Structure formats: C-alpha cells, structure tokens
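Each chain, letter by letter, is given below.
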Amino acid sequence: MNSIWQDVSYAMRQLRKAPGFAITAVLTLALGIGANTAIFTLVHAVLLRNLPVADPSTLVRLGDKDDCCVDGGLPNDDNYSLFSWELYKHLQASAPEFENLAAMQSYPWQMTVLNNKPGSLAKGSPASFVSGNYFQTFGLQPYAGRLLTPADDMPGAPMVAVISYQSWQRDYGADKGIIGSTFYFKTYPAVIVGIAPPGFYGERMISAPANFYLPFSNEPMMNGSAALLHSKGANWVYVLGRVKPGTQLMPLQDKLSAALRQWLADNVEVYKRADVKKHLDATHLKLTPGGAGIANMQDEYRSGLYLLLSISALVLLIACANLANLVLVRAMARATETSLRMALGAQRSRILRQMLTESVVLSLIGGVAGLLVAYGGTKLLLSLAFPNSPTLPITATPSLPVFGFAFALAMVTGVVFGLAPAWITARAQPAEALRGTGKGMGAARGNASLLQRGLVVLQASLSLVLLVGAGLLSKSLGKLEHQDFGFKTENRVVIHMDPESAGYKPEQLQGLFDEITLRFHAIPGVEQVGLGGYSPLEGDSWGEGVWLNGKPEPNADQDIGSRWLRINPEMLPLLGEDVIAGRNFTDRDTAAAPGVAIVNQAWVKKFLKNGENPIGVRFGTNGMKSTTDYTIVGLVKDAKWANPREDAEPRYFRPLMQIAASQKEDGEVRSLHTGTIMLHTHGPIPGLESQARQVLASINANLPVTYYSTFEEQIAGQFSQERLIARLTLLFSGLALLLAAIGLYGVTAYMVARRTSEIGIRMALGANRGSVVAMVLRQALVQAALGLVIGVPVALACVRFMKSQLYQVEGTDAAVIAFAIVALVVSACVAGIIPASRAAGIDPMVALRNE
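Notes on the structure in this doc start here. For clarity, every value in this text was computed on a predicted model and none was experimentally measured.

Rules behind the numbers
Residues numbered from 1 in each chain as written. Predicted model: local features only at pLDDT ≥ 70, side-chain atom pairs only at ≥ 80, totals over all residues. Heavy atoms only, no water. Helix = DSSP H or I, 4+ residues; strand = E, 2+ residues; numbered from the N terminus. Buried < 20%, exposed > 50% of the residue type's maximum accessible area, 1.4 Å probe, protein only. Contact = heavy atoms within 4.5 Å. Expected span 1.5 Å × (residues − 1). Arc of directions from axis to C-beta. Salt bridge = Lys/Arg side-chain N within 4 Å of Asp/Glu carboxyl O. Phe/Tyr/Trp six-rings, centres within 6.5 Å; stacked < 30°, edge-to-face > 60°. Lys NZ or Arg CZ within 6 Å of the ring centre and 35° of its normal. 1 Å grid on protein atoms, 1.4 Å probe; cavity = no way out; pocket = protein on both sides within 12 Å on 5 of 7 lines; lining within 4 Å. Points joined across faces, edges and corners; volume = space filled by probe spheres on them. Nonpolar A, V, L, I, M, F, W, Y, C, P; charged D, E, K, R; others polar. Core = buried A, V, L, I, M, F, W, Y, C linked by side-chain atoms within 4.5 Å. Axes fitted to C-alpha atoms, helices over the stretch in contact; angles between N-to-C directions. Parallel < 35°, antiparallel > 145°, perpendicular 65-115°, else oblique. Left-handed = near helix turned anticlockwise from the far one by under 90°. Patch = residues over 30% accessible without salt bridge, like charges linked within 9 Å, V, L, I, M, F, W, Y side chains within 5 Å. Areas by Shrake-Rupley, 256 points an atom, 1.4 Å probe, with all protein chains shown as cover. Pairing = 2+ DSSP bridges.

1. Focus: the overall build of the protein
A tally of regular secondary structure across the protein gives 25 helices and 23 strands. Seen along its three principal axes, the alpha-carbon backbone of the protein occupies a region of about 105 × 60 × 60 Å. Relative to its 851 residues, the protein shows a buried fraction of 54%. The long-range share in the protein, meaning contacts at least 24 apart out of those at least 6 apart in sequence, stands at 81%.

Laid out in structure tokens, this is it:
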C-alpha cells in the first residue's frame, strides 16, 4: 500500500508540473465519461430500476403487453394482458399459488378533484382505481395514516382514498391535516385515510403517475351508467401479484390460461360463436417478471436509450484515443528521464506501474469531473426526453449504481488506454535511449508513431460512423415533423375538460355543449369551436368492428376494425379535413335524428370495393343486427389521427349525441362525455388560456381545464423521443469530430516537431513553403482517408441497428454519407493546416544549427 501511495503521489506531482496536459486530458475524459454517465443515469432510471417496493424479485405480472386503456373483443394475438374486473376475480380465486394478486386500472384517469377547504377550486388530477390488497401486495407501509385494505374494496364500504406522497408535498404543502379530510372526486365525497410512502410512484413509470388511489368498489357509483366494474366484456385492468416461495411459473401459467379460456367461454358473448373456437383454444396469458411493474415506458424507450448508450460509448472511445495519444506524446517527451531511471536501476515493471498509475489517476479525476458533466447532462436529457412531464419519477441526481458506473468506466479507461503507451515507453533500451539516436529509442518512437496514427485513424472512422448516424436521424426527424398530417395547425388550440367528472348526466350534455360553443364563440378572435371525443395525435382513440348492410357476415379471422369518434359540425372544417363527397354534419343531426356517419378514404378502401360510392352505404358496429345503425353521408380525405409513422387508418365520425339504435350499451353512453374543445383563432389571443379557464369555471365550478396546448405543440410533442435521439446524436457526432480533429492536430504537430531538422534540410536544398505545407497536409489527409475507408463500410453495417428509428430514410442515403465525408475531410484540413503552416515557417539555418 505504501508503494501504491508513492506512485499516486508521484503521479499527482507530475500532473501539477504539466497543467496544460492535465487540464486537456481531464476535460477530454470529462466529456467522454460525463456523456456516458448521463445516458446511463437515464438507462438505469428507466430500464434497470425495480419498483420501490418490498422484495420486487417475487412479483409476477399476468401478461406481457402494453394494452390500454379499455378494450374488448378478441385480442390481436390471443394473448391476454388486459382483463375485466370480473375476470381478475376469477383468476384470483383460481390461483392460491399467489400470496397476493392485485389489480390496478390500466391507466390513471384525470378526475375532477376538490378539497373541502373554503376557496378551493376543482382541478384535474390523475387518479387510479386499485384493488383493496394493492398496497399489501407491494409490502408497503404508509408515510402517515393508513393505506387501503381489502375491507375498503367491498360493496357498500365508505368511500376512502390514499394520496401519493409527491402530490401531498407538491399540491397540498405537506399538510398532515389532510388525513381525515374529505375530498370530492367527480363530485363524490371520499375521506383521505393515508399518505403513500415517499418514492412510491405506483405500479409503473409514467409521465403523470396517480396522485390518488381509490378502491375499485367506488367505480360504479362514480361512473354511473358508464361504469366498467361489472362489464364482463370490458378489459381495463392490469394484474400483478406475489407468488409463494417454491412456485413453478410454467405450470402456473398453464393453469391460469386454462382458467382464462373457461371463463371467457362462459361469460363473453364473442367467444360463444362457433367460428371463434380456434381463437378460444389458442387464448392464453404469459407470466412475466413484475419487479419493474408494468413496463410500458421501458418497452417504449428501450431501443432509443440503448442506441444512445452505444453512441455515447463511441464518443468515449474517441476521447480515450485522444487520452492515449496525449499520454504517449508526454511519455516520449519524458523518454530521457525514463531511460535515466532505468539506467540507475529502476525495474521496467516499476516504470510501467508508475506510468499506468498516472493514467488511472488522470482517469479518476476525469471521472469526477465527468459526474459533474453527467448531472447537468441528465437534466438536459430529461428536459429533452420528457418536456411536459414535471411529475415523472426520474431525477438527475446520480444514484449509487451511477457512481459505480462512472468509477468503473474511469478505471477501465485508465488501464486500457494507458497500458499501451506505458508499455512502449518502458521497453526502450536505457543506454541507447540516453544517446537519443540509438535503435532502442528509434524503435520506441517508431512504435509510438505507429500507435498514434492508428488511434487517429480509429477516431476518424468512428467520427464518420457517428456523423452518418446523426445525419440519418436528423433527416428522419425532419421528415416526421414536416410531413403532411392532413390538418391545418396554425392558430389552433386544444383544451381538455371532463364533463363526466363534473357530474353531468347524458341527458345534460347537449345543453352543456351548446353553452360551451356559445361562450367560446363570444371570445374576440375565436372563429371556430370544435368539440370531439379527442383531438388528433394525442394518443387517444375509440375502435370497434364494422358490419356492412347487404354484405356477407365477416368471419372471426377477418380484420373489420375501424377507429371512430364523435365530433360537432365545426370540428372537420376547423382541422382542414375537407369533405370531398356528400356533406358535413349539421345542427339537424341530433340525438333524435337518424344515425349518420362520415368516413375517410382509408375506410372506403378497406370496406368497399374499388370505385364503390360510399354515400348512402349503411353499417353498424354490433353484429349483423346493427347494420342499419349508420348511413354514410360524407367522405373526407385521409389524415393521421394516431401514429404519425404510419398511413392514415380507417376512421369514421359520428355526431356528438347520437346513440346507435341497436346498441344502448355502457360504451355508447360513456362515449357521449366529449372531453376535447378545439379553437381556431384569427391570430394569437393574449391570455386565451386564462379566458378558457374562466369560461369553463363560469359554466360549472367542477369543470376545470385539465389540459391546454396549441395544436402545433401537441403534434411536436409526438416526437420528443426522436428529437432527443437526433439532437444528442448530432451533439455527440460534433463532439466526436472535434476530438478527432484535436487528435489529428496533435499527431501532425508531433510529427512536425520530430521532423524539424528534416524539413530544414529539405528547405535548405530548395523545397518551397508550398511543398512543405502539401507534405504535412498530405500526411494528415492520408490518415483521414484511412478513417474513411474503414468508417464508410462500418457505418453502413451499423445503420441496420437503427432502422427502427428511421422514417422514410434509407440507411444508404447518398447525401448524408457525402455530407459526413466532406465534414471529416474539412476537419482534417483544418486540423492539419496549423502544423503545416508552422512547418513552412521553419528557418532552415536555425533547424540545422539545432541538429
């Protein structure tokens, strides 16, 4: 230990003696290690983090898919991950192998929440229905008060709720007096019985985790005729449990799949059809590890984060190559000192260890600086990746695993990239090295020069790979953002409300919608007021199967799905989704009028024969008995309401208040509660958001604005992940190019210094300054060219790993590759021109006298 401490002290003295070298090396490493640590912080928080619960390794999820939010009918691949409440209770009774099996709503709903303090205003807040054993399953203890119990989830039990610790601190000033107080959820009173433990964000990581947890038994009262709890065909519940010790998962999976099939056959109408038997036989569920909870966000971000981690690793590799070059140049400058120590009896192993220690110390200092870079970098990453998610449970503060990652990275960097320079220097022959011209020194310098050039070529090739990747991702992002969505976006505003949470019954909705339309039209500058179930590209959707009048009944394997939504007559003109045949809706399309629909071109292409006129075609969504429910009165052009990466999907529109004649089900009633208002204004209106809140509050104090955004911002929000990846890749590629240019400059400058006498002789013999500049630049460009020769095929090979991130861009895009090549060649010229100019300025007589 004493010897190691001496080596460390010696390394620190050497670094203090060369502050320029130390600062350059530390900054280089800080950028490389900091970038990797920042990305790893995000990777760890999103992909590698378990739920903050007791013993997460014993948690098991029933299902493995991201299904949301209320579904019905046959799943696409006969694989169940989303369940009805009644089905959950059946599976719970069928599986004593679980210590606890909990259910939770598939996504928190925005509810109108009002506390009973004087002067309080209602506001939209995410809340989730959970089973009474929810907190018990996770092994959690309350921060204060108590958590939900199975007794709270019984019919007739008093209405209670638990508030999250984060919401308690953020929204209610950490007031413990909140326990025992009454809050109104969708106008129904519930007592707050406890505060959830700190750090618990629910059963999954999402941008807006639940602020309140309520028992499922409250759902029928709060949702009235649109309640889902006892609807056997409505799948809206995730299931997560803790298995007993020694339980074998595969036999349990088979047992639960059999119980699932039996229940579906007895309770869900679609599974009683003869043509569905093969689907019923194939129906199953998968048991998957539940330690991370419902891993929807992890699945969404996994490929992008691993791509960024790979890119940042390349940046670190380039930074380390620069470090190796710096250490090598410094080692060669100290060659005489090293040789003298060896001549006086120092062991090669001792010299090697000291040089390696210096490299490791340098790397550790760079790692500490990298943590500071990582902290700021992670904050930047979070703002780019989740710009509208202030409640996301991810922080920029490095955790213990992140500290460990940075330390390990620094150690590996110091050892791997300090070993080769140390080895080359330590192999010099002492006697020959002291003369300065012997073969021992010449061999060491030759090996050093070869290694330096190899490192520069490596940097150039990796820089090209990153430049190509950045170019492809930036071009892809540009195509995504500037494609024709089929809408007009300028001067459009999106507002969300929740009439159902405000206590409006279906028969009261028409009056509410009329008043909203009238009040918003009265705001100066508002030209159109659209109402709809949702707005384009906000991630919401209704979908059902379609049965056509006068056509054969489709079989179970036939895809008859279509998306739909309710709108008022102003919505399509407001969006610019033009009616190209037939008519738009009018005020005469009331609840009492015959059912009508407007379809898009994709709907016609899917359900009608080529050239068939859709106007007058009749269809329904509840089997052949429903095929006279709707008559098509209009056709609109296609527009992208859902996924901007895919073609427009089949879609039809319905008037706000019409209910299908053959379908008086809960889903029909629930869909009447339109929650989206869109405004088209003449231009920007100062204070429009405040005016919108005042309008809704004046209509009903329990009708707050739960979301406000311009339409342009809402569409831009669809590309947060793509924007993050493209911008960071561009930033990393620029950093890599800079590091590669610095490396090339350093090697070229070192070459000029070594060949000073040779250049002096050449100029003394008649060589002009231009030929000297050309000679030096040629060497720099040769190394860049070798980097191109290696980098182009490597880049083309690597592109296949990022195809999932590209939109309408080929991996062999000639313009992108040409841009990357030009950028690398220009940077090589810039890096080489300074040493070349210095070489051309050498005075031959001074160089010869020094020799």
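2. Regarding helix α7 (residues 249–267)
Its 19 residues give α7 an end-to-end C-alpha distance of 26 Å, which sits within 8% of 27 Å, the value for a rise of 1.5 Å per residue. The set of residues buried in α7 consists of L252, Q253, L256, S257, A259, L260, W263 and L264. Considered in projection along α7, the buried side chains sweep an arc of 165° and stay on one side of the axis. Relative to its buried face, α7 has exposed residues pointing more than 90 degrees away, namely M250 and P251. Elements that come into contact with the buried residues of α7 comprise β1 (59–62), α3 (85–94), β2 (98–105), β10 (237–243), α8 (277–282) and β11 (287–289).

3. Considering the pattern of salt bridges
Counted by the stated rule, this structure contains 19 salt bridges. Across the pair K551 and E612 runs a salt bridge whose closest N-O atoms are separated by 3.7 Å. Of this pair, K551 sits in the loop between β15 (547–548) and β16 (561–567) while E612 is found in the loop between α17 (601–607) and β19 (618–620), placing the two residues 61 residues apart along the sequence. According to the relative accessible area criterion, K551 is partly exposed, its value standing at 29%. Classification of E612 by relative accessible area gives partly exposed; the value is 27%.

4. A word on the packing of aromatic side chains
Taken as a whole and judged by the stated rule, the model has 36 aromatic pairs. Taken together, a centroid distance of 5.1 Å and an interplanar angle of 50° make the contact between W603 and F619 tilted. Separated by 16 residues along the polypeptide, W603 in helix α17 and F619 in strand β19 bring together distant segments of the chain. Of the two residues examined, W603 and F619, each falls in the buried class. Plain terms: the ring middles of Y630 and Y652 are 6.1 Å apart, the flat faces sit at 40° to each other, and that makes the pair tilted. Remark: Y652 occurs in strand β21 (residues 651–655) and Y630 occurs in strand β20 (residues 630–636); sequence separation between them is 22 residues. The cationic tip of R61 hangs over the ring face of Y238; the distance from NZ or CZ to the ring centre is 4.9 Å. The residue whose ring lies beneath K123 is Y172, and the NZ or CZ to ring-centre distance is 5.0 Å.

5. Quick notes on empty space enclosed by the protein
Applying the stated criterion across every chain, the model contains six cavities of 30 Å³ or more. Empty space within the second largest cavity amounts to approximately 60 Å³. Contributing to the lining of the second largest cavity are V456, A460, A740, A741, L744, A784, L824, S827 and A828. Taken together, the elements giving at least two residues each to the lining of the second largest cavity come down to α14 (439–481), α21 (720–754) and α24 (814–840). For the lining of the second largest cavity, the per-class residue count stands at eight nonpolar, one polar and no charged.

6. Notes on the nonpolar core
Counting 105 residues, the largest nonpolar core has F135, F138, F200, Y213, F386, I394 and F653 as its most contacted members. It is α14 that contributes the most residues to this core, 11 residues altogether. Contacts of F200, omitting those with residues within four sequence positions, involve P52, V53, Y134, F135, F138, L140, Q166 and Y213. Ranked by size, the runner-up nonpolar core spans 53 residues in total, among them L87, F129, I163 and F185.

7. A few points about the packing of α3 against α7
Remark: α3 packs on α7, axes separated minimally by 10 Å, with the N-to-C direction vectors making an angle of 135°. The orientation of α3 with respect to α7, classified from their angle, is oblique. Relative to α7, the crossing made by α3 is right-handed. Counting all contacts with α3, which are made through E86, L87, H90, L91 and S94, the residues of α7 involved are K255, L256, A259, L260 and W263. Grouping the amino acids of the contact of α3 with α7 by side-chain chemistry returns six nonpolar, two polar and two charged.

8. Observations concerning a nonpolar patch on the surface
On the surface, V412, V415 and V416 cluster together into a nonpolar patch covering about 230 Å² of accessible area. Note on placement: V416 falls in helix α12 (residues 400–426).

9. Re the pairing of strand β9 (residues 212–215)
The alternating pattern of β9 places F212 and L214 on one face and Y213 and P215 on the opposite face, and all of these are buried. Summarising the sheet, strand β4 (residues 123–130) and β9 pair through four bridges and their orientation is parallel. Bridge assignment links V130 to a residue of β9, and that residue is P215.

10. Some remarks on the pairing of strand β18 (residues 596–600)
β18 sits mainly inside the fold: five of its five residues count as buried. Judged from the five bridges that link them, β18 and β20 form a sheet pairing that is parallel. Bridging from a neighbouring strand, A597 pairs with I632 of β20. Across two bridges, β18 lies against β21 in antiparallel orientation. Residue pairing across strands places I598 opposite F653, the latter belonging to β21.

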